[in-house]
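Breakdown of the fold
Here's the letter readout for the chains.
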Amino acid sequence: MGAAPVHPWTGRRVLVATMHGKGAAILPALAGIGLAAEVLELDTDRFGTFTGEVERTGSMLEAARAKARAALDIAAARGAIAIASEGAFGPDPVLGFLPCARELLLVIDAASGREIVQARRSLETNFASLDWPADEARLEAFLSRARFPGHALIVAHADGRFTKGIAGRAGLSEALDPGHRPVRVETDMRAHMNPTRMGEIAALARTLAGALATPCPACGEPGFGFERALAGLACIDCGTPTGLARAELLRCSACGHEAERARRDARTHAEPGECPACNP
Ligand SMILES: [Zn+2]
Ligand SMILES: [Zn+2]
């Protein structure tokens, strides 16, 4: 057994631009590939908040890029590597009403200007809201779906204020006191208040670390990883390509080299029940 390969970025400064404790979800995966990252706590709320006091501008990627650039500026680390994360929550664009979580991690190698992006879309989220007032049954159903009190809540008030980080019944009752004119209860999506979200970010960080640990077969740069799923898994009965993924496309953002990788579950065919021809 030989020594573990040394990552080409070993010894370089790696900054994780974060607020709300997301470093805890990201650092272990980086440590696993030999990168000792340091957390740079930013006031990332100025880049946009989930409660909308600061309107988000641009795409998730642009938001993450602004955070990573800010970290490089603040640390005066012009040649460093910066990593930033961004999340968004809302109805799934495909599945409609089901709430969907989108998480993105961006790596900027400031020495080369190169960017590596990993994104993840998942139905594993407690994202929900409840207009107030509501009756006891609806409140309890909402609290269950919101995974309260293990996950915190936010109460929006008629005057535009928010009570954030509500993690217990007493705090919730206080915030919902009619004197405070509550108008809505919603899930607190900040990572340190939301273990489900923290888990999603950690899973994405492991995917990113896997890509960072994989050198591009064409140019040797780290970061050869998942780009997108390739649809077209063929029906086992009639051979029609379905909307299911037949393979994963891997891509190098340094040189553009692409390669296909088989599905992780090794499935080679779709079932007739999943086929638009056999089961229209
Ligand atoms: Zn390459
Ligand atoms: Zn078929």
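- An unreviewed UniProt entry lists the chain under the name DUF6671 domain-containing protein, with Marinicauda algicola as the source organism.

Some points on the coordination of the zinc ion (ligand 1)
- In this structure, Cys216 (SG), Cys219 (SG), Cys252 (SG) and Cys255 (SG) serve as the protein donors to the zinc ion (ligand 1), at separations of 2.3 to 2.4 Å.
- In this structure, the zinc ion (ligand 1) is surrounded by four donor atoms whose angles at the metal cover 103 to 115°, and the resulting shape is tetrahedral.
- Counting gaps between the donor residues of the zinc ion (ligand 1) yields the pattern C-x2-C-x32-C-x2-C. Taken together, the residues Cys216 in the loop between helix 5 (195–212) and strand 10 (225–231) and Cys255 in the loop between strand 11 (245–251) and strand 12 (258–262) connect sequence positions 39 residues apart.
- On the basis of relative accessibility, which here comes to 4%, the residue Cys216 falls in the buried class.

A closer look at helix 2 (residues 60–74)
- Here helix 2 spans 21 Å end to end across 15 residues, near enough to the 21 Å set by a 1.5 Å rise per residue.
- Buried residues of helix 2: Met60, Ala63, Ala64, Lys67, Ala68, Ala70, Ala71 and Leu72, and no others.
- If you follow the buried residues of helix 2, they end up packed against strand 1 (14–18), strand 2 (37–41), strand 3 (81–91) and strand 4 (99–109).
- Phi turns positive, to about 50°, at Ala76, one or two residues after helix 2.

Notes on unusual backbone geometry
- Here the residue pair Trp132 and Pro133 is connected by a cis peptide bond, since its omega of 10° sits within 30 degrees of zero.
- Following the sequence through the fold, Pro133 ends up in the loop between strand 6 (129–131) and helix 3 (136–145).
- The omega torsion of the bond from Phe148 to Pro149 falls at 10°, within 30 degrees of zero and hence cis.
- Structurally, Pro149 is set in the loop between helix 3 and strand 7 (153–157).
- A positive phi is found at Ala266, a non-glycine position, where the angle reads about 65°.
- Assignment of secondary structure puts Ala266 in the segment after strand 12.

Thoughts on the nonpolar core
- Counting 24 residues, the largest nonpolar core has Trp9, Ile26, Leu30, Ile83, Leu105, Val107 and Leu212 as its most contacted members.
- Every element with two or more residues in this core is listed here: strand 1, helix 1 (23–31), strand 3, strand 4 and helix 5.
- Among the elements that make up this core, the one with the highest residue count is helix 5 (eight residues).
- The contacts of Leu212, once residues within four sequence positions are left out, are His7, Trp9, Leu30, Ile33, Leu35, Ile116, Pro222 and Gly223.
- With 19 residues, the next largest nonpolar core counts Ala64, Ala68, Leu104 and Ile108 among its residues.

Conventions adopted
Residues numbered from 1 in each chain as written. Chains lettered and ligands numbered in written order. Predicted model: local features only at pLDDT ≥ 70, side-chain atom pairs only at ≥ 80, totals over all residues. Heavy atoms only, no water. Donors = N, O, S within 2.8 Å, 3.2 Å for Na, K, Ca; no water. Tetrahedral: all angles 85-135°; square planar, octahedral: opposite > 155°, others 65-115°. Helix = DSSP H or I, 4+ residues; strand = E, 2+ residues; numbered from the N terminus. Buried < 20%, exposed > 50% of the residue type's maximum accessible area, 1.4 Å probe, protein only. Expected span 1.5 Å × (residues − 1). Contact = heavy atoms within 4.5 Å. Core = buried A, V, L, I, M, F, W, Y, C linked by side-chain atoms within 4.5 Å.

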